[in-house]
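Observations on chain architecture
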Amino acid sequence: MVTSTLKLSQKFESHNLLTFIGTGGVGKTSLSVVTAIQAAKSGRRVAAITIDPSRRLTHLLGMDLNSQQDFQSIQWDDMSGSLDIYYVDPETVFQQFVSSHLSSQLYDKLKSNGIYRQISKNLRETHNFAALYKMVEIFKKDEYDLVVLDTPPCDQVIEFFESPSRLQKFFSNQGEDEKKTWVDWIQNKSLKFAESFIKKLVGGEFVDEMNGFFSAVGSLKSEIALVTEEFLVRMQKESSYLFLVYPPSLDKVSDARYLMREMSKNNFFVNEFVMNRAYLKVLDQSQEPGLSGDSEELKLYNYFVEMKARSLSQIEQLREELEGYSLNFSLLPEIEANMQSLNDILSFAQKMDENWIVT
């Protein structure tokens, strides 16, 4: 198998949207941040959108999640571009969407509605939609050359991309005004809060709440449709690129295969499989002299050589299995990094940039 190293800056020079998906704990968020950093270093004006950043990462980047601003600029000495990181608080962003498309009087009335308060806090579709809405709004600003989108883990990412259409269906049942119909409807939506909430609201009060809610938000369906259309257009442009990140373990490879196929069913197509933490960086160097034939050091070295060979073999098997798809494949090493500061992140980003191996 022929391999070559490609700078990250070369990968995104013709793209304005990079999306990272994958299972939990595979380094997806870290790679999205690394990519955003390298793009900013190369002179791009970058917006990075993250939904659930780790506390450690936000601390190292100097982000204040309690800030009144919806983004924070990250700066360093040799930066030739710019980097703004947007942390999406789903409830706040969804409320921004609703308030921007309703009159102030109607929105004030809606804020006191119990159904709306529960939905904005608890419904997963609204949380996922908030991130997509934020992406669309950032593109409308026309202030960035590149947007980097980090997504939820595998078990939520399908719902993440389906959320606009699911939310439209959610708002499609206005007009039914009998108590039993409302109860059946909300339970059919499988809302986690439904059972306890219905017990609190009984009789006419419940019906009034539901009627008031749908009366207020009926016009949002068309606005959700517009956001959905804009999101789909952005994702399906040639300037959009989708990375699927996974480690070399067999179960995670299976997850990646499943996720790619589920995404394609919804017309979202993965461009590149990235096998992360596939081998040790030392294997890119020549064998250290002085290792005897029976030393523990040599045995360990040979073990990691075999690990890299297995990773490359897995990629080759995936390539053959997914031959009908237009896919790129790459792998990244396990790079030891002592993350204590922004400089440590910048150093890590540089190492990843230098070791993005394309197969």
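Our subject is the structure listed above.
Residues numbered from 1 in each chain as written. Predicted model: local features only at pLDDT ≥ 70, side-chain atom pairs only at ≥ 80, totals over all residues. Heavy atoms only, no water.

**So, the side chain of serine 240**
Tracing the chain through its elements places serine 240 in strand S7 (residues 240–246). Residue serine 240 is classed as buried on the basis of its relative accessible area of 5%. When near neighbours in sequence (up to four residues on either side) are disregarded, serine 240 contacts His15, Leu17, Arg234, Met235 and Asn271. (Helix = DSSP H or I, 4+ residues; strand = E, 2+ residues; numbered from the N terminus. Buried < 20%, exposed > 50% of the residue type's maximum accessible area, 1.4 Å probe, protein only. Contact = heavy atoms within 4.5 Å.)

**A short note on unusual backbone geometry**
Notably, aspartate 142 is not glycine yet its phi reads approximately 55 degrees, a positive angle. Relative to the helices and strands, aspartate 142 is located in the loop between helix H7 (124–141) and strand S6 (146–150). Overall, the relative accessible area of 62% leaves aspartate 142 in the exposed class. One non-glycine residue with positive phi stands out, namely arginine 277, at about 55 degrees.

**Things to note about the packing of aromatic side chains**
For any pair of aromatic rings, geometry is given as the distance between the ring centres together with the angle between the planes. Applying the stated criterion across every chain yields a total of 15 aromatic pairs. Geometrically, the ring pair formed by phenylalanine 71 and tyrosine 86 is tilted, given 5.2 Å between the ring centres and 35 degrees between the ring planes. Of the two residues, phenylalanine 71 is situated in strand S4 (residues 71–74) and tyrosine 86 in strand S5 (residues 82–87); the sequence distance between them amounts to 15 residues. Put simply, the rings of Phe20, Tyr241, Phe243 and Trp356 touch in pairs and so form one group of aromatic residues. (Phe/Tyr/Trp six-rings, centres within 6.5 Å; stacked < 30°, edge-to-face > 60°.)

**A few points about the pairing of strand S2 (residues 17–22)**
Across the 6 residues of S2, 6 count as buried, placing the element largely inside the fold. Here S2 shows no split at all, with Leu17, Thr19 and Ile21 on one side and Leu18, Phe20 and Gly22 on the other all buried. Note: S2 against S6, 4 bridges, orientation parallel. If you follow threonine 19 over to S6, its bridge partner there is leucine 149. Examined bridge by bridge, S2 and S7 share 6 bridges and lie parallel to one another. Across the sheet, residue leucine 17 finds its bridge partner in S7, namely serine 240. (Pairing = 2+ DSSP bridges.)

**Quick look at the pattern of salt bridges**
Applying the stated rule across the entire model yields 9 salt bridges. The closest approach of N and O atoms between glutamate 230 and arginine 234, which form a salt bridge, is 3.1 Å. One end of the pair, glutamate 230, and the other, arginine 234, are both in helix H12 (residues 220–235), 4 residues apart, so they sit about a helical turn from each other. Glutamate 230 gets classed as partly exposed once you look at its relative accessible area, which sits at 26%. Between arginine 257 and glutamate 321 there is a salt bridge whose closest N-O contact spans 2.7 Å. Placement of arginine 257 in helix H13 (residues 250–265) and of glutamate 321 in helix H14 (residues 296–321) is noted, with a sequence separation of 64 residues between them. By sharing partners, the salt bridges in this structure join Arg257, Arg261 and Glu321 into a single network. (Salt bridge = Lys/Arg side-chain N within 4 Å of Asp/Glu carboxyl O.)

**Topic: the pairing of strand S3 (residues 45–50)**
The buried count for S3 comes to 5 of 6 residues, which makes it a mostly enclosed element. By the bridge criterion, 6 bridges tie S3 to S5 in an arrangement that is parallel. In the strand pairing of S5, alanine 47 is matched with aspartate 84. Across 4 bridges, the pairing between S3 and S6 is parallel.

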